[in-house]
Amino acid sequence: MRGVLDRIARAQRMPLHLLTPEQAKTFYEAGASVLDLPPHKLKRVEQLSVPMRDGTQVAARLYAPALPDEAPGLPVLLYLHGGGFTVGSLNTHDSLCRHLSHLAHCAVLSLDYRLAPEHRFPTAVDDCWDGLVWLREQAAGLGLDPDRIAVGGDSAGGTLSLVTAIQARDAGIGLALQLLFYPGCAARADTPSHKTFAHGFLLEAEAIDWFFGHYLGRDEEHEDWRFAPLLAHDLGGVAPAWFGLAECDPLVDEGVLMADRLRMSGVPVELEIYRGMVHDFIKMGRAIPDALTAHQDAARALRQAFGLAPLA
């Protein structure tokens, strides 16, 4: 990991927080696959369009290791990509979604929810909820099992997954699992790990402020549980959770705090902390073996939650 960070430093890339949002989106898109795995070939990759509550159509991509099964169909993971609510797309997380689909032998629906600053909080939250509702309604027609749905994501996508899982609990929708790679959970960047790993560990303190500044329109929105799920009043009865955290990540403390809150609320939780890893490491499978380990661990959790045979 240190070798990767050194190479990134030598490349002297422009810090994200010094770019415009449009430049940052392009920059992130261009570099997303540099350290990622080559895309795994799957039997089924399908472009879809998902209607939102305001009439907008949001793109989605369905991945599956097999053609539609007989009823009840394949279990499915609704995947919400990371990128600080401001950058990222279906393409930046294409390889990861393909690999999870392959390893877990489940379908993955990647949702291209709308991004800031064009679409500020809570648009992304609403899009993800609308995506889940649509997926349940359309699952059977897509060869998927509406009773075996998980939600997951990395970083900001992990935040959105936690929020969607709470909303699902409130709506009486049972989810199989929350698959959470280093989610943001707290209202403020004020835990000890935010200080310890503020600089030199890929996700810089200034970038976090930049993301939040573009996503939130008012300061008081920091205290909204839909932005900071640690502030949710009641977590009882939400779906079981698997956490994959990076040790050297500003977000690691709030991830541990979130896992503890869920446990104290009676929610089954599995927590993995990948030693020496930094934020975004799961998309570095070409260079970091621990990324592949995390993929395997996540796939094992999905298989168990979906009632599938364990990985060989």
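Figured I'd write up the structure that's included with this text. Everything numeric in this text was worked out from a predicted model, so none of it was measured.

## A word on the pairing of strand S8 (residues 269–278)
- Relative to S8, strand S7 (residues 241–248) runs parallel, the two being bridged by seven bridges. Along S8, the bridge assignment pairs Phe 243 with Leu 271.
- Regarding topology, helix H8 (residues 252–264) serves as the crossover connection from S7 to the parallel S8, and that connection is right-handed.

## Looking at the packing of helix H3 (residues 94–104) against helix H9 (residues 289–306)
- Between H3 and H9, whose axes approach to 9 Å, the crossing angle comes to 50°. For the element pair H3 / H9, the angle class is oblique. Considering only the axes of H3 and H9, their crossing is right-handed. Contacts between H3 and H9 involve Leu 96, His 99, Leu 100, Leu 103 and Ala 104 on the former and, on the latter, Leu 292, His 295, Gln 296, Ala 298, Ala 299, Leu 302 and Arg 303.
- In terms of residue class, the contact of H3 with H9 is made up of eight nonpolar, three polar and one charged.

## Description of the pattern of salt bridges
- Per the stated rule, a full pass over the model turns up 22 salt bridges.
- Between Arg 169 and Asp 170 there is a salt bridge, with the nearest N and O atoms lying 2.6 Å from each other.
- As a salt-bridge pair, Glu 270 and Arg 300 come within 3.2 Å of each other at their nearest N and O atoms. Of the two residues, Glu 270 sits in strand S8 while Arg 300 sits in helix H9, which places them 30 residues apart along the sequence.
- Overlapping salt bridges, with partners in common, bring together Arg 53, Asp 126 and Asp 130 in one network.

## Let's talk about the packing of aromatic side chains
- A complete count under the given rule lists 11 aromatic pairs for this structure.
- On the basis of an interplanar angle of 70° and a centroid distance of 5.4 Å, the ring pair of Trp 210 and Phe 211 is categorised as edge-to-face. Comparing Trp 210 with Phe 211, the two get one shared label, buried.
- Ring plane angle 45° and centroid distance 5.4 Å describe the contact between Tyr 274 and Phe 281, whose orientation is recorded as tilted.
- For Phe 281, a relative accessible area of 0% puts it in the buried group.
- Every member of this aromatic cluster is reached through a ring pair, and the members are Phe 85, Phe 121, Phe 212, Tyr 215 and Phe 227.

## So, the environment of Trp 210
- Take Trp 210: it is sitting in helix H7 (residues 205–215).
- Classification of Trp 210 as buried rests on a relative accessible area of 10%.
- Between the C-alpha atom of Trp 210 and that of Leu 19, which follows or precedes it by 191 residues, the distance is 9.7 Å.
- Other than its neighbours up to four places away in sequence, Trp 210 contacts Leu 16, His 17, Leu 19, Thr 20, Pro 21, Ala 24 and Thr 86.

Rules and cut-offs
- Residues numbered from 1 in each chain as written.
- Predicted model: local features only at pLDDT ≥ 70, side-chain atom pairs only at ≥ 80, totals over all residues.
- Heavy atoms only, no water.
- Pairing = 2+ DSSP bridges.
- Helix = DSSP H or I, 4+ residues; strand = E, 2+ residues; numbered from the N terminus.
- Right-handed = clockwise from strand over helix to strand, strands pointing away.
- Axes fitted to C-alpha atoms, helices over the stretch in contact; angles between N-to-C directions.
- Parallel < 35°, antiparallel > 145°, perpendicular 65-115°, else oblique.
- Left-handed = near helix turned anticlockwise from the far one by under 90°.
- Contact = heavy atoms within 4.5 Å.
- Nonpolar A, V, L, I, M, F, W, Y, C, P; charged D, E, K, R; others polar.
- Salt bridge = Lys/Arg side-chain N within 4 Å of Asp/Glu carboxyl O.
- Phe/Tyr/Trp six-rings, centres within 6.5 Å; stacked < 30°, edge-to-face > 60°.
- Buried < 20%, exposed > 50% of the residue type's maximum accessible area, 1.4 Å probe, protein only.

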